[in-house]
Amino acid sequence: MPQPATPLSSAAAAAPEAAPTVVVELFAGIAAAAGCRRVAIPWTDGAVGTLRRALEQRYPALAPLLARSAFAHGDRYVADDECLAPGATVALIPPVSGG
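In what follows, the accompanying structure is described.

Describing the overall build of the protein chain
When helices and strands are counted, the protein chain shows four helices and seven strands. Listed N to C, the secondary structure of the protein chain is α-β-α-β-β-α-α-β-β-β-β in terms of helices and strands. When burial is assessed residue by residue, the protein chain has 30% of its 99 residues classed as buried. Of the roughly 6,500 Å² that the protein chain leaves accessible, carbon and sulfur atoms contribute 59%.

Written as structure tokens, this is what we have:
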């Protein structure tokens, strides 16, 4: 006769929680240089400038473009000193030119 299953404790049964992140959507030359269109950066709290530096560390080739790019959250651009909450999704808007 098979043994009854031992119930798991609630802590063991719970799925591990994912670390908090900020998702950055990449476009145009920045996406090409990074090799992806979306990246999740570990994030507990901080300002947009901190996110910019984290992207520079992860993707050093982006540094020249990051210095001239803007971040947007929701329906507006955000400055480097504005805070982002974990779970936020931001767009990294590369420099554009036209005629």
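Section: helix H3 (residues 48-58)
Restricting attention to buried positions, one finds in H3 the residues Val 48, Gly 49, Leu 51, Arg 52 and Leu 55. One side of H3 holds all its buried residues, which, seen down the axis, span an arc of 160°.

A word on the pairing of strand S2 (residues 38-42)
Residue alternation in S2 divides its side chains into a buried set, Val 39 and Ile 41, and an unburied set, Arg 38, Ala 40 and Pro 42. Pairing geometry for strand S1 (residues 21-26) and S2, over five bridges, is antiparallel. Bridging across to S2, Val 22 finds its partner in Ile 41.

Criteria and thresholds
- Residues numbered from 1 in each chain as written.
- Predicted model: local features only at pLDDT ≥ 70, side-chain atom pairs only at ≥ 80, totals over all residues.
- Heavy atoms only, no water.
- Helix = DSSP H or I, 4+ residues; strand = E, 2+ residues; numbered from the N terminus.
- Buried < 20%, exposed > 50% of the residue type's maximum accessible area, 1.4 Å probe, protein only.
- Areas by Shrake-Rupley, 256 points an atom, 1.4 Å probe, with all protein chains shown as cover.
- Arc of directions from axis to C-beta.
- Pairing = 2+ DSSP bridges.

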